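Per-entry structural report
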Amino acid sequence: MRKLFQKYKYRLISVCSFLVVLLIWHLVTDGFHLVSAVMLPSPAKILNTFWYKLTGGTVPDGSSLLENIWSSLKIALGGYAVGVLVGVPLGIGMAWNKRFELFAKPLFDIIRPVPALAWIPLMILWLGIGYASKVGIIFFAAFISATVNSYTGIRRTSQVHLWVGKTFGATNRQMLFKIAIPTALPMIFTGLRLALGSAWVALVAAEMLAATSGLGYMIQISRMMGRPDVIIVGMLTIGFVGLLLNTVLEKLQKKFVRRAR
């Protein structure tokens with residue numbers, strides 16, 4: 001029994017933290033009624049609303065929870081994929097080729113501090129208010145993290161390893177793909193995870209652009225309708241889906257980094 005406890009004690013501590021928060025939440029709402037249900041619904045109310053939306057309920061936003069999740073995933077993963085496909089090669093290219101760095105890095109350094117939400121007016125002007133503009137906003141949220149971490153990972157490649165590769169006659173291309181990129185994989189995957197988090201955070205703002213479904217849209221409509229229970233369900237769903245996607249990336253990171261070694 002003691003060995004079992006030692007094995008799972010950290011997981012038990014994590015579970016206890018959730019239980020403590022739920023207990024305090026219950027006490028200040030249903031327990032002692034310290035907070036109005038209009039301001040903060042009880043855990044039981046949140047659970048009932050979650051089950052209602054999960055099983056096909058469409059009030060107040062017109063879509064079920066699964067429909068909203070799918071709509072948000074299409075936008076978030078679309079923008080994330082484009083951001084990663086552009087950002088990772090850009091970061092690697094700037095770190096590996098000095099001339100390309102001199103050309104591209106000043107432009108990137110100007111774009112880098114601009115928040116993704118600041119691109120909303122231009123996205124509307126350039127791409128309208130459909131799917132493409134939402135993907136564009138997510139793109140800028142994911143692009144920066146993917147580029148910065150890829151650049152940093154390649155820059156941290158050991159010069160000794162590169163010198164050894166050059167000594168044994170490796171070409172520039174071979175040193176990039178056989179030494180630099182495998183060495184930088186942990187940093188690159190860290191960038192992918194940060195980019196995913198940034199993309200998921202920008203989702204609510206992206207779905208403000210004439211959306212008809214999605215978790216961000218559900219939260220916005222619920223705010224206007226005075227439904228804090230649905231708002232919290234939307235927030236928790238964003239958190240859990242983001243956690244799931246991050247877990248998938250962690251598994252991929254362990255698999256590919258181990259293979260690269």
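Residues numbered from 1 in each chain as written. Predicted model: local features only at pLDDT ≥ 70, side-chain atom pairs only at ≥ 80, totals over all residues. Heavy atoms only, no water.

- As annotated in an unreviewed UniProt entry, the protein carries the name ABC transporter, permease protein and is attributed to Marvinbryantia formatexigens DSM 14469.
- Reading the Subcellular location (unreviewed entry) entry of the UniProt record for the protein gives the comment "Cell membrane". (UniProt positions renumbered as here; feature names shortened; annotations may be inferred.)

With respect to the side chain of Lys-53
- Among the secondary structure elements, Lys-53 is positioned in helix α2 (residues 43-54).
- Among the polar contacts listed, one links the side chain of Lys-53 to the backbone oxygen of Gly-57, at a separation of 3.5 Å.
- Within polar-contact distance, the side chain of Lys-53 engages the backbone oxygen of Ser-63 at 2.7 Å.
- If near-sequence neighbours (up to four positions away) are discounted, Lys-53 is found in contact with Thr-58, Val-59, Asp-61, Ser-63, Ser-64, Leu-65, Asn-68 and Met-218. (Helix = DSSP H or I, 4+ residues; strand = E, 2+ residues; numbered from the N terminus. Polar contact = N/O pair within 3.5 Å; in protein donor to acceptor, adjacent residues only side chain to side chain. Contact = heavy atoms within 4.5 Å.)

Thoughts on unusual backbone geometry
- That bond from Val-59 to Pro-60 is cis: its omega, 5°, falls within 30 degrees of zero.
- On the secondary structure map, Pro-60 appears in the loop between α2 and α3 (65-96).
- Despite not being glycine, His-33 has its phi angle at roughly 55°, a positive value.
- Relative to the assigned elements, His-33 resides in the loop between α1 (2-31) and α2.
- Classification of His-33 by relative accessible area gives exposed; the value is 59%. (Buried < 20%, exposed > 50% of the residue type's maximum accessible area, 1.4 Å probe, protein only.)

Focus: the layout of surface pockets
- Looking at the largest pocket, its volume works out to about 320 Å³.
- In terms of lining residues, the largest pocket is bounded by Phe-18, Val-21, Leu-22, Trp-25, Pro-43, Ile-46, Leu-47, Phe-50, Val-233, Leu-236, Thr-237 and Phe-240.
- Elements represented by at least two residues in the lining of the largest pocket include exactly α1, α2 and α11 (228-260).
- Counting only domains with at least three residues in the lining of the largest pocket, you end up with domain 1 (1-33) and domain 2 (41-259).
- Taken as a whole, the second largest pocket spans an internal volume of roughly 230 Å³.
- For the lining of the second largest pocket, the elements supplying multiple residues, two or more each, are α3, α6 (131-155), α7 (159-167) and α8 (172-201). (1 Å grid on protein atoms, 1.4 Å probe; cavity = no way out; pocket = protein on both sides within 12 Å on 5 of 7 lines; lining within 4 Å. Points joined across faces, edges and corners; volume = space filled by probe spheres on them. Domains from an automatic or database assignment.)

Brief notes about the pattern of salt bridges
- According to the stated counting rule, one finds 7 salt bridges in the structure shown.
- Across the pair Asp-61 and Lys-53 runs a salt bridge, and its minimum N-O distance is 2.6 Å. Across the pair, Lys-53 and Asp-61 agree in class, each one buried.
- Among the ionic pairs, Lys-105 bridges to Asp-109, the shortest N-O distance being 3.2 Å. With a gap of 4 residues between them, Lys-105 and Asp-109 both fall in helix α4 (residues 98-111), about one helical turn apart.
- You can call Lys-105 partly exposed: its relative accessible area is 23%. (Salt bridge = Lys/Arg side-chain N within 4 Å of Asp/Glu carboxyl O.)

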